[in-house]
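Residue-level listing of the chains:
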Amino acid sequence: MLYRINNPSVTKVCTLCRSTINDILRSGKTGCAKCYEVFQNELDQIIKSIHGNVTHTGRTPGECGKINTLKKQLKEAVSLQEFEKAAVLRDEINRLEAYNNE
């Protein structure tokens, strides 16, 4: 889907890098960090039309890292035949994965 925000009478320009919203749409990249502030309303509109929301609701890097750490601990517990500890780790992994898949 091609997005175009174009109002010839008013062309908003980033005060730092001089990019316009059409430059961002054409390249798929912002010109600088300031563009996120300058074009917040336009970018929110585009992101919402693509993803349905502007708030992230999926996994976070920290959650994925925690699951990976727990899986390593589970593997170690099984290799040491610490099955009670392994069961607790397995349950925690399952709980986190179920939460992330909601």
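Every chain is numbered independently, its residues counted from 1 as its sequence is written. It should be noted that, the model being predicted, local features are given only for residues of pLDDT at least 70 and side-chain atom pairs only at 80 or more, the latter also being counted only at that level, while totals for whole chains, interfaces and linings use all residues. Side-chain measures were taken over the full set of non-hydrogen atoms in the model, leaving aside hydrogen atoms and water.

**Points about the environment of Lys71**
Thinking step 1. Here Lys71 lies in helix H4 (residues 61-79).
Thinking step 2. Sequence-wise, Lys71 and Ala86 are 15 residues apart; in three dimensions their C-alpha atoms are separated by 9.5 Å.
Thinking step 3. For Lys71, the contacting residues outside a window of four places in its chain are Ile93 and Glu97.
Thinking step 4. Engagement of the side chain of Lys71 in a polar contact is seen with the side chain of Glu97, the distance being 3.1 Å. For the purposes of this entry, the term helix denotes a DSSP run of H or I that reaches at least four residues, the term strand denotes a run of E that reaches at least two, and both are numbered from the N terminus. Two residues form a contact once any of their heavy atoms are found within 4.5 Å. Polar contacts, as counted here, are pairs of nitrogen or oxygen atoms within 3.5 Å of one another; within protein the pair requires one atom able to donate a hydrogen and one able to accept it, and residues that are adjacent in sequence qualify only if both atoms are side-chain atoms.

**Topic: helix H3 (residues 40-51)**
Thinking step 1. Helices are assigned an expected span. That span is 1.5 Å times one less than the residue count. With 12 residues, H3 should cover 16 Å at 1.5 Å per step; its first-to-last C-alpha distance of 16 Å lies within 8% of that length.
Thinking step 2. Burial status follows relative accessibility: with a 1.4 Å probe on protein chains alone, a residue under 20% of its type maximum counts as buried, one over 50% as exposed, and anything between as partly exposed. Taken residue by residue, H3 has Glu42, Leu43 and Ile46 as its buried positions. For H3, the buried positions fall inside an angular range of 95° around the axis, keeping them on one side. Of the residues in H3, the exposed ones pointing more than 90 degrees away from the buried face are Asn41, Gln45, Lys48 and His51. Think of the arc as the fan of directions from the helix axis to the C-beta atoms.

**So, the pattern of salt bridges**
Thinking step 1. Should a side-chain nitrogen of Lys or Arg be within 4 Å of a carboxyl oxygen of Asp or Glu, the pair is scored as a salt bridge. Inspection of the entire model under this criterion finds 6 salt bridges.
Thinking step 2. As a salt-bridge pair, Glu97 and Lys71 come within 3.1 Å of each other at their nearest N and O atoms. One end of the pair, Glu97, is in helix H5 (residues 83-100); the other, Lys71, is in helix H4, with 26 residues separating them in the sequence.
Thinking step 3. Glu97 gets classed as partly exposed once you look at its relative accessible area, which sits at 22%.
Thinking step 4. Residue Arg95 is joined to Glu92 by a salt bridge in which the shortest nitrogen-to-oxygen separation is 2.7 Å.

**Looking at the nonpolar core**
Thinking step 1. In this structure, Cys14, Ile21, Ile24, Cys32, Cys35, Val38, Phe39 and Leu43 together form the largest nonpolar core, which totals 8 residues.
Thinking step 2. Elements supplying a minimum of two residues to this core: helix H1 (21-27) and helix H2 (34-38).
Thinking step 3. When neighbours within four sequence positions are excluded, Cys35 is seen to be in contact with Cys14, Cys17, Ser19, Ile24, Thr30, Gln40 and Leu43.
Thinking step 4. Of all hydrophobic cores here, the second largest spans 7 residues; its members include Ile67, Leu70, Ile93 and Leu96. Put simply, buried Ala, Val, Leu, Ile, Met, Phe, Trp, Tyr and Cys residues joined by side-chain atoms within 4.5 Å make one nonpolar core.

**Considerations on the environment of Ala86**
Thinking step 1. Relative to the helices and strands, Ala86 resides in helix H5.
Thinking step 2. Between the alpha carbons of Ala86 and Leu74 there is a distance of 5.2 Å; along the sequence they are 12 residues apart.
Thinking step 3. Apart from the residues lying within four places of it in its own chain, the contact partners of Ala86 are Leu74, Ala77 and Val78.

**Looking at the environment of Gly31**
Thinking step 1. Following the sequence through the fold, Gly31 ends up in the loop between H1 and H2.
Thinking step 2. For Gly31 and Cys17, which are 14 residues apart along the polypeptide, the C-alpha to C-alpha distance reads 6.1 Å.
Thinking step 3. In contact with Gly31, not counting residues within four places along its chain, are Cys17 and Ser19.

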